[in-house]
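Close look at the chain arrangement
Take a look at the letters that make up each chain.
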Amino acid sequence: MAVAGITVQLLNLSWSLFRFLMWGWMAGLLAVSLYCIVHRNDNWKPAKESIRGFVKNYWALFLIIGVTVFLCIINYPAFWLGNRSDGGFYLSRMASYPYTPQPFEHDLSTGLYTGHTFDQYTINTHELEASVFLQFLNMPVGLFARVFLSAEGYILFACCIYTLAEEILRFVRKDGKYRSIIQFVPGILLLFTTNFVFMANNGILDLQDSWQTSTAMYFGSSIVRTCGFFLLLLPYIRNYCLNWKVVLQVMAVSLVLISKSTIALPLIIVCCIAYIYVWMMNQESVPKIFCLIVPIAMAGLGIFLQRTVHFSNPEFNSIQDLQNTSMQWLASLSHSIVPWVMAPGLVSGFLLKNRRVLRLLLLELCLFILLFVPGFSAYFTVFSFYTFVTGRVITAFAYFFICTMISLTVTWLASVRLRKGILTAAGMACCMILAGINFYAFTAYGGDAGIIQGQAGKPITLAKALEVLKKNPDFMPVSTINLADALNRLAETDDHLAVLTETYYESDGVADLKHILTRPLAPTVIFPTANTRFPTDKDPVYGSYTVDQQQIFESFLVNNDEASTAAFGQLLDEYQIDAVLLRDHRTYDVNMNRLGFTVYESIYNDEGEPEYYLYTRNQV
């Protein structure tokens, strides 16, 4: 659906057309799948033996995924913070497409008009596809994305890890005797999803945006960052040949990854260069001197690119900044424990004395050189544009490298015919230890989702997390849901309703970003405050609403005097604000009445107590 979604957005067509195409595609896939099951397999009904074998080979995999999803969804402080405010952008896009007449002409995270523009999000279809299922299921967007879409992401990541481990085991043992052991390899998911501040502060593993792996797997970029290298390289690793089948597979995967997030572009570049070079190295028809000249020429060209390429867009980081970022993440990895713990995997790879394994190690070496060695790293930095994209590509490589080393270790243990019972017990023990570390990190650091590396964590208990989620089963604060309900009622009589909120509120003892999280639940309402986080200057009314204008509002909240009230009144009139959300009505009631606003409704929290007060203009 990537092609259809990109086309619809490029041509500014209707969302309903995309929905029609989406369901047509799904119906076609279902028909083909049923045909293949029934007509191409005479004995398509599952036998008891196959069911027993399926459970034997995958029970741990399903358990690992289940535990990972559970450890993700109890992170309500991260959800209430809007996943560091990024989540509101993606949730709003999912929820707003069906209800916005011209969705590709608006910033759906704020409701502001942008015109039909071309940017990196024009070729992203992740939220567009999700919006079709969200509307069909009529499910709360928080529950849909934070539980089910996240679970889908973890399932895909776990399957990628399992498939890589299975391929490596197949290099050495083709009898399938140890197949049930590799289901423990995806247990590393429990480490990857551990609280990122805990990991960084203790020198375990520090990676760019690894908090998204813990609590935001519903992001399209999370799929690229976790699964990108696996999906691009597995077609080649299976046979180590370049033919039309592999090329078409990689092209299809590349298109899908780019439709999830454009951070896939530099990742695709380094993967293609790496396996083309490894393929050349293993072709007898290619002169060895040519294999030596190619990297020398690439290094020279890379140095030339790094010195001459300058981005015209002032928002992009310089090539030098991107190169420095690459080296900084290399230094960070070198000071982390996990990469060094993977040393036995590297040794195991050489001990296996298998040609395919050695090619895999050569592939890993090529990727490392393309990411970190000056000159060679130009080929991915010139397509990164931003330092955070550089960091995310390195994160994707770190995940792939770690999983490869673990798979090699397990394969070597299988090659020396260590008893399966011992390997099973060891796998179970490792998974339980990693789950314990993950849970401990959550209880020690999970109480404050806004902290960064180097800061102390805020403790939280599992009982508290479960209590909050029991009261907020939609994975959104109840007060946010109640606010959205009130705004939706107002919007029935005002098709251009604009509401002003503070930047930070508090729900269940943690930060709550109402201006970010309410928009997905009230997709026809405009939130000028959100323009301070997702800015656009193209809206004729609200495009100039920036941090400076928000400061006038905040000044009124602090001072509540004649001067601040007058300035706030001018702000309300200039930006045609119809509603304002305040924490206290006693303090502000007099001045708000002077400005022509009265309390429309009290907004209740999950304890059934009034926590906020929605003021509206008297004529609304």
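Everything that follows concerns the structure shown earlier in this document.
Nothing here was measured: the structure is a model prediction, and the numbers come from that model.

What about the overall build of the protein?
- Per the secondary structure count, the protein includes 27 helices and 8 strands.
- Against the 2.2 N^0.38 benchmark of 25 Å for 620 residues, the protein shows a C-alpha radius of gyration of 27 Å, consistent with a compact globule.
- Projected onto its principal axes, the C-alpha positions of the protein cover 85 × 60 × 55 Å.
- Within the protein, buried positions represent 54% of all 620 residues.
- Sequence separation of 24 or more characterises 76% of the internal contacts of the protein that already satisfy a separation of 6 or more.
- Here the protein has roughly 27,000 Å² of accessible surface; of this, 63% comes from carbon and sulfur atoms.
- Of the charged side chains in the protein, 41 are positive and 45 negative; the average position of the first set lies 20 Å away from that of the second.

Examining the packing of helix α13 (residues 264-281) against helix α14 (residues 288-308)
- With their axes 9 Å apart at the nearest point, α13 and α14 run at an angle of 155 degrees to one another. Between α13 and α14, the angle falls in the class roughly antiparallel. Taken together, the residues of α14 that come into contact with α13 (itself represented by I273, Y277, M280 and M281) are K288, F290, C291, V294, P295 and M298.
- Across the contact of α13 with α14, the residue classes break down as 9 nonpolar, no polar and 1 charged.

Brief notes about the layout of surface pockets
- Approximately 1,500 Å³ is the volume attributed to the largest pocket.
- Lining of the largest pocket is provided by 49 residues; of these, F89, D119, Q120, Y121 and Y386 occupy positions nearest its centre.
- If you tally residues by element for the lining of the largest pocket, the top one is helix α5 (residues 86-96), at 4 residues.
- Of the residues in the lining of the largest pocket, the class split is 21 nonpolar, 17 polar and 11 charged.
- Considered as a void within the structure, the second largest pocket measures approximately 690 Å³ in volume.
- Those elements that provide at least two residues to the lining of the second largest pocket are α16 (337-341), α17 (343-351), α20 (387-415) and α21 (420-445).
- Broken down by element, the lining of the second largest pocket gets its largest block of residues, 8 residues, from α21.
- When grouped by side-chain class, the residues that make up the lining of the second largest pocket number 22 nonpolar, 4 polar and no charged.

Remarks on empty space enclosed by the protein
- Under the criterion given, the structure shown has 2 cavities of 30 Å³ or more.
- The space that makes up the largest cavity amounts to roughly 240 Å³.
- What lines the largest cavity is a set of 22 residues, and nearest its centre among them are N75, A78, N195, T215 and A449.
- Elements that contribute at least two residues to the lining of the largest cavity include exactly α4 (76-80), α9 (196-201), α10 (210-215) and α21.
- No other element matches the 4 residues that α21 contributes to the lining of the largest cavity.
- Its residues placed into classes, the lining of the largest cavity shows 11 nonpolar, 9 polar and 2 charged.
- Its volume calculated, the second largest cavity comes out at about 50 Å³.
- Contributing to the lining of the second largest cavity are L191, F192, T194, F196, M199, L205, L207, S210 and Y399.
- When the residues that make up the lining of the second largest cavity are grouped by side-chain class, the tally is 7 nonpolar, 2 polar and no charged.

Re helix α27 (residues 585-594)
- Inspection of α27 places Y588, N591 and M592 among the buried residues, and these make up the whole buried set. Here the buried residues of α27 occupy an arc of 105 degrees about the axis, which is enough to place them on one side. More than 90 degrees from the buried face of α27, the exposed residues found are R586, V590 and R594.
- G596 lies just past α27 and shows a positive phi near 90 degrees.

Comments concerning unusual backbone geometry
- Phi is positive for S85, close to 75 degrees, though the residue is something other than glycine.
- Positive phi is not limited to glycine here, since Q576 has a value of about 55 degrees.
- Assignment of secondary structure puts Q576 in the loop between α26 (562-574) and β6 (579-582).
- Overall, the relative accessible area of 41% leaves Q576 in the partly exposed class.

Re the packing of α17 against helix α18 (residues 355-372)
- As a packed pair, α17 and α18 sit with axes 8 Å apart at the nearest point and diverge in direction by 140 degrees. Taken together, the axes of α17 and α18 are oblique relative to one another. Across from L346, G349 and F350 in α17, the residues of α18 making contact are V357, L358 and L361.
- Along the lines of polarity and charge, the residues of the contact of α17 with α18 split into 5 nonpolar, 1 polar and no charged.

Thoughts on the side chain of T226
- Structurally, T226 can be placed in helix α11 (residues 220-237).
- In terms of polar contacts, T226 uses its side chain to reach the backbone carbonyl oxygen of I223, at 3.5 Å.
- When sequence neighbours within four positions are dropped, the list of residues in contact with T226 reads F157, T213, M217 and Y399.

Describing the nonpolar core
- Formed by 145 residues in total, the largest nonpolar core has its most connected members in F157, L205, F229, F230, L233 and I237.
- A per-element tally of this core places helix α7 (residues 141-172) first, with 17 residues.
- Contacts of F230, omitting those with residues within four sequence positions, involve F157, C160, I161, L164, Y399, F400 and C403.
- If you look at the next biggest cluster of nonpolar residues, it comprises 21 residues, including L500, F556, L572 and F597.

Quick word on the sheet that holds strand β3 (residues 499-500)
- The 4 strands are arranged β3-β6-β8-β7 in an open sheet whose pairing can be described as mixed. If you trace the sheet from one side to the other, it starts and ends with β3 and β7 (597-604), each paired once.
- In terms of strand pairing, β3 meets β6 through 2 bridges, oriented parallel. Counterpart to L500 in the pairing with β6 is V580.
- Here helix α25 (residues 547-559) sits on the sheet and contacts β3 and β6; the angle it forms with β6, its principal contact strand, is near 50 degrees.

Rules and cut-offs
- Residues numbered from 1 in each chain as written.
- Predicted model: local features only at pLDDT ≥ 70, side-chain atom pairs only at ≥ 80, totals over all residues.
- Heavy atoms only, no water.
- Helix = DSSP H or I, 4+ residues; strand = E, 2+ residues; numbered from the N terminus.
- Rg over C-alpha atoms; globule rule 2.2 N^0.38 Å.
- Buried < 20%, exposed > 50% of the residue type's maximum accessible area, 1.4 Å probe, protein only.
- Contact = heavy atoms within 4.5 Å.
- Areas by Shrake-Rupley, 256 points an atom, 1.4 Å probe, with all protein chains shown as cover.
- Lys, Arg positive; Asp, Glu negative; His and termini not counted.
- Charge placed at Lys NZ, Arg CZ, Asp CG, Glu CD.
- Axes fitted to C-alpha atoms, helices over the stretch in contact; angles between N-to-C directions.
- Parallel < 35°, antiparallel > 145°, perpendicular 65-115°, else oblique.
- Nonpolar A, V, L, I, M, F, W, Y, C, P; charged D, E, K, R; others polar.
- 1 Å grid on protein atoms, 1.4 Å probe; cavity = no way out; pocket = protein on both sides within 12 Å on 5 of 7 lines; lining within 4 Å.
- Points joined across faces, edges and corners; volume = space filled by probe spheres on them.
- Arc of directions from axis to C-beta.
- Polar contact = N/O pair within 3.5 Å; in protein donor to acceptor, adjacent residues only side chain to side chain.
- Core = buried A, V, L, I, M, F, W, Y, C linked by side-chain atoms within 4.5 Å.
- Pairing = 2+ DSSP bridges.

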